[in-house]
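# Summary of structural features
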Amino acid sequence: MAEAEQVKVLRFWASPWSFRVELALKLKGVPHEKVEEDLANKSPLLLASNPIHKKIPVLLHNGKAIPESLIILEYIDETWTDNPILPKAPHERGMARFWSRFIDDKCVGACWMSCWTEGETQQMFMEQARACLRILDDELGGRRFFGGESIGLVDISASFFALWLGVLQEVAGISLINGDEFPNLCRWIEGFVASDVVTECLPPRDKLLAVFQSKKQAILATKSMVY
Amino acid sequence: MANAKEVRLYGMTRSGYCLMVHHALRLKGVPYDYVEEDLKNKSQELLRLNPVHKKVPVLVVDGRPVAESLVILQYIDELWGSLAPRLLPEDPHRRAKVRFWADFVYQKVVPLTYVIPKAEGDSKAAAVAEFRAQLVVMEGGVREELWVDGAGPFINGDAPGLLDLLAGSCHTGIKFLEGVAGVQLLDKEETPLLCSVMEALLQLDVVKETTDFLQQHVHNDR
């Protein structure tokens with residue numbers, strides 16, 4: 001590891017994706033600088049670091065740019081090897097990657113669209129979202145974390161459900177995540193947000209609620225996750 | 001681990017996602033059983049092994065299943081890490097770039113393969129133009145971030161890696177789509193590097209063996 005390492009995260013305070021990166025760095029005790037981006041006015045550094053997608057988060061490590069949150073998480077685990085976030089055994093690693101992809105490819109989108117659609121379309125998305133949450137709830141079972149005794153890749157990937165989903169469903173006036181249908185997930189949420197490292201990194205709930213309230217009309221119009 | 005494992009791949013002959021897994025296993029010299037699935041009539045086994053997505057490919061090693069093609073390729077590379085070729089580079093930054101461009105294909109290129117066959121007229125032309133444009137973006141990105149002149153013929157070096165296998169599957173899918181939709185999607189002038197990688201892959205014995213092997217399983221119904 002280099003003597004004077006430069007680690008920066010191009011981030012947006014309200015984004016669950018840049019939260020993932022900051023949590024991973026915090027879990028591994030990697031000092032880093034948070035560079036706040038104005039998503040309506042992206043910096044030249046962001047556009048140069050992620051020219052293809054032009055999105056946050058981007059990890060800058062000694063000048064090297066790594067975009068895409070799940071890819072960043074793997075890079076972090078491979079570069080700073082204390083407190084691993086991926087398991088050691090190949091099959092378990094495969095399953096951790098599988099579940100992270102499931103969260104990103106299926107779960108988050110269904111939950112997001114449930115909030116901003118209406119009528120039959122909304123019903124369809126809510127059914128999909130519930131099916132996803134059920135699958136995650138079953139997968140977690142009685143375990144403390146998806147990673148077992150400690151926070152791992154899947155827990156970090158699932159952080160959207162720990163805070164953002166609750167906020168979004170409040171803004172949208174719907175109910176998706178609840179303790180009756182998803183007892184394991186709700187227990188996980190309590191444990192996750194109560195852990196010291198997570199508490200230090202999470203954005204304040206009231207600020208998050210306020211920003212989504214203020215952007216509600218814009219989001220309803222576009223359904224876009226870029227807010 | 002050097003002990004012989006029981007390896008079984010559940011797949012479908014025309015699936016590019018499955019093709020990559022065949023290639024990866026054969027490149028590493030891993031013996032495996034193959035089960036051809038009829039996707040209109042999925043087996044109980046498949047539904048049990050991949051209850052979340054109910055899709056192929058699924059790779060089962062000593063009874064434990066792994067699903068999702070890119071996850072499977074990384075799993076193969078890690079489980080048989082002592083067998084050449086390594087499908088991903090050693091260096092974490094290069095690994096991140098390989099993952100980035102693989103993800104790019106799934107995010108930007110693959111969705112258009114569903115749009116193009118159903119589109120007509122102007123919207124078809126637009127979808128084709130976008131497809132070709134995204135390949136050009138990938139060409140540029142791979143050339144700048146991963147390609148080392150003289151270290152080819154593959155992006156991974158003298159042996160194919162994850163991105164090369166993905167390119168090979170794309171080639172098969174693209175040729176099929178070109179035939180079905182009556183369009184041109186690949187152009188050597190636009191994407192010379194990607195085309196040369198695909199050509200180099202097609203020359204490999206393991207790729208030819210896989211094609212011959214899968215011929216036995218091709219269904220008569222379309």
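Residues numbered from 1 in each chain as written. Chains lettered and ligands numbered in written order. Predicted model: local features only at pLDDT ≥ 70, side-chain atom pairs only at ≥ 80, totals over all residues. Heavy atoms only, no water.

## Side note on the overall build of chain B
Counting its regular elements, chain B contains eight helices and four strands. Along chain B, helices (α) and strands (β) appear in the sequence β-α-β-α-β-β-α-α-α-α-α-α when read from the amino end. What you see for chain B is a C-alpha radius of gyration of 17 Å, in line with the 17 Å of a compact globule of 222 residues. Along the three orthogonal principal directions, the C-alpha set of chain B runs to about 50 × 45 × 30 Å. Burial status across chain B gives 53% buried among its 222 residues. Relative to all contacts within chain B whose residues are 6 or more apart in sequence, the contacts with residues 24 or more apart total 67%. Surface accessibility of chain B: about 10,500 Å² in total, with carbon and sulfur atoms responsible for 52%. (Helix = DSSP H or I, 4+ residues; strand = E, 2+ residues; numbered from the N terminus. Rg over C-alpha atoms; globule rule 2.2 N^0.38 Å. Buried < 20%, exposed > 50% of the residue type's maximum accessible area, 1.4 Å probe, protein only. Contact = heavy atoms within 4.5 Å. Areas by Shrake-Rupley, 256 points an atom, 1.4 Å probe, with all protein chains shown as cover.)

## Section: the nonpolar core
Counting 157 residues, the largest nonpolar core has Leu 59, Phe 161, Trp 188 and Phe 212 of chain A together with Leu 59 of chain B as its most contacted members. Element by element, the count of residues in this core is highest for helix 4 (residues 90–116) of chain A, at 12 residues. Two domains each put at least three residues into this core: domain 1 (7–79) and domain 2 (90–222) of chain A. (Core = buried A, V, L, I, M, F, W, Y, C linked by side-chain atoms within 4.5 Å. Domains from an automatic or database assignment.)

## Details of unusual backbone geometry
Looking along the chain, the bond that leaves Ile 56 of chain A and enters Pro 57 of chain A is cis, with omega of 0 degrees. Tracing the backbone shows Pro 57 of chain A in the loop between helix 2 (44–49) and strand 3 (58–61). Here the bond from Ala 84 of chain B into Pro 85 of chain B is cis, since omega is 0 degrees, no more than 30 degrees from zero. Within the element layout of this structure, Pro 85 of chain B appears in the loop between helix 3 (69–79) and helix 4 (92–118). One non-glycine residue with positive phi stands out, namely Asp 62 of chain B, at about 50 degrees. Counting through the fold element by element, Asp 62 of chain B comes out in the loop between strand 3 (58–61) and strand 4 (64–67).

## Some thoughts on the UniProt feature "domain: GST N-terminal" (unreviewed entry) in chain B
The positions that UniProt labels "domain: GST N-terminal" (unreviewed entry) are, in the present scheme, residues 5–84 of chain B. What you have in residues 5–84 of chain B is 36% helix and 21% strand, and the ends, taken at the C-alpha atoms, are 17 Å apart. (UniProt positions renumbered as here; feature names shortened; annotations may be inferred.)

## Here's the deal with the state of the cysteines
In protein structure, a disulfide is the covalent linkage between the sulfur atoms of two cysteines. Residues and elements named next belong to chain A. A full pass over the atoms with the stated rule returns zero disulfides over all chains. Free cysteine: Cys 115, not disulfide-bonded; nearest cysteine sulfur from Cys 111 at 7.3 Å. The exposure class assigned to Cys 115 is buried, which follows from its relative accessible area of 4%. Cysteine Cys 132 shares no disulfide, and the gap to the nearest cysteine sulfur, in Cys 107, comes to 3.8 Å. Among the residues examined, Cys 132 registers a relative accessible area of 9% and is labelled buried. (Disulfide = S-S within 2.5 Å.)

## Topic: the domain arrangement of chain A
Residues and elements named next belong to chain A. Examined at the domain level, chain A breaks down into domain 1 (7–79) and domain 2 (90–222). Between the C-alpha centres of domain 1 and domain 2 there is a distance of 21 Å. With 15 residues of domain 1 in contact, the opposing surface of domain 2 contributes 23 residues. Here domain 1 and domain 2 share three salt bridges between them. In this structure, Arg 97 and Glu 74 form a salt bridge, with 2.7 Å as the shortest nitrogen-oxygen distance. Broken down by secondary-structure element, the contributors of at least two residues to the side of domain 1 that touches domain 2 are helix 1 (16–27) and helix 3 (69–79). Residue composition of the side of domain 1 that touches domain 2, by class: 10 nonpolar, one polar and four charged. (Salt bridge = Lys/Arg side-chain N within 4 Å of Asp/Glu carboxyl O. Nonpolar A, V, L, I, M, F, W, Y, C, P; charged D, E, K, R; others polar.)

## Let's talk about helix 7 (residues 192–202) of chain B
Three or more residues of helix 7 of chain B are buried, namely Leu 193, Leu 194, Cys 195, Val 197, Met 198, Ala 200 and Leu 201 of chain B. The elements touched by buried residues of helix 7 of chain B are helix 1 (16–27), helix 5 (121–145), helix 6 (162–181) and helix 8 (205–215) of chain B.

## Brief notes about the side chain of Lys 97 of chain B
All names here are of chain B. Take Lys 97: it is sitting in helix 4. Within the buried set, Lys 97 has no salt-bridge partner at all; the shortest N-O distance to an opposite charge, 4.6 Å, is to Glu 145. Those residues in contact with Lys 97 that sit more than four places away from it in its chain are Glu 145 and Leu 146. (Lys, Arg positive; Asp, Glu negative; His and termini not counted.)

## Observations regarding the pairing of strand 1 (residues 7–11) of chain B
Residues and elements named next belong to chain B. Strand 1 sits mainly inside the fold: four of its five residues count as buried. The pairing of strand 1 with strand 3 spans four bridges and is classified as antiparallel. Note that in strand 3 the partner of Leu 9 across the bridge is Leu 59. Of the pairings in the sheet, the one linking strand 1 to strand 2 (residues 33–36) comprises four bridges and is parallel in character. Along strand 2, the bridge assignment pairs Arg 8 with Asp 33. The parallel pair strand 1 and strand 2 is bridged by helix 1, and the resulting crossover is right-handed. (Pairing = 2+ DSSP bridges. Right-handed = clockwise from strand over helix to strand, strands pointing away.)

## Some points on the environment of Ala 67 of chain B
With respect to the helices and strands, Ala 67 of chain B occurs in strand 4. Owing to a relative accessible area of 6%, Ala 67 of chain B belongs among the buried residues under this scheme. Considering only alpha carbons, one finds Ala 67 of chain B and Trp 80 of chain B, 13 residues apart in sequence, at a separation of 17 Å. Among all residues touching Ala 67 of chain B, those that are not within four sequence positions of it are Phe 98 of chain A together with Asn 50, Pro 57, Val 58 and Ile 72 of chain B.

## Side note on the interface of chain A and chain B
At the interface, 27 residues of chain A touch 25 residues of chain B. Considering only the side of chain A, the residues that lose the most area to chain B are Ile 71, His 91 and Phe 98 of chain A, jointly responsible for 25% of the buried surface there. At the surface where chain A touches chain B, the tally comes to seven salt bridges. Arg 93 of chain A is paired through a salt bridge with Glu 78 of chain B; the nearest N and O atoms lie 2.8 Å apart. Viewed at the interface, chain B and chain A are joined by nine residue pairs in polar contact (both at pLDDT 80 or more). Secondary structure elements with two or more residues in the side of chain A that touches chain B: strand 4 (64–67), helix 3 and helix 4 of chain A. With 13 residues, the top contributor of residues to the side of chain A that touches chain B is helix 4 of chain A. Classifying every residue of the side of chain A that touches chain B by side-chain character gives 12 nonpolar, five polar and 10 charged. (Buried area = accessible area lost by both parts, 1.4 Å probe. Polar contact = N/O pair within 3.5 Å; in protein donor to acceptor, adjacent residues only side chain to side chain.)

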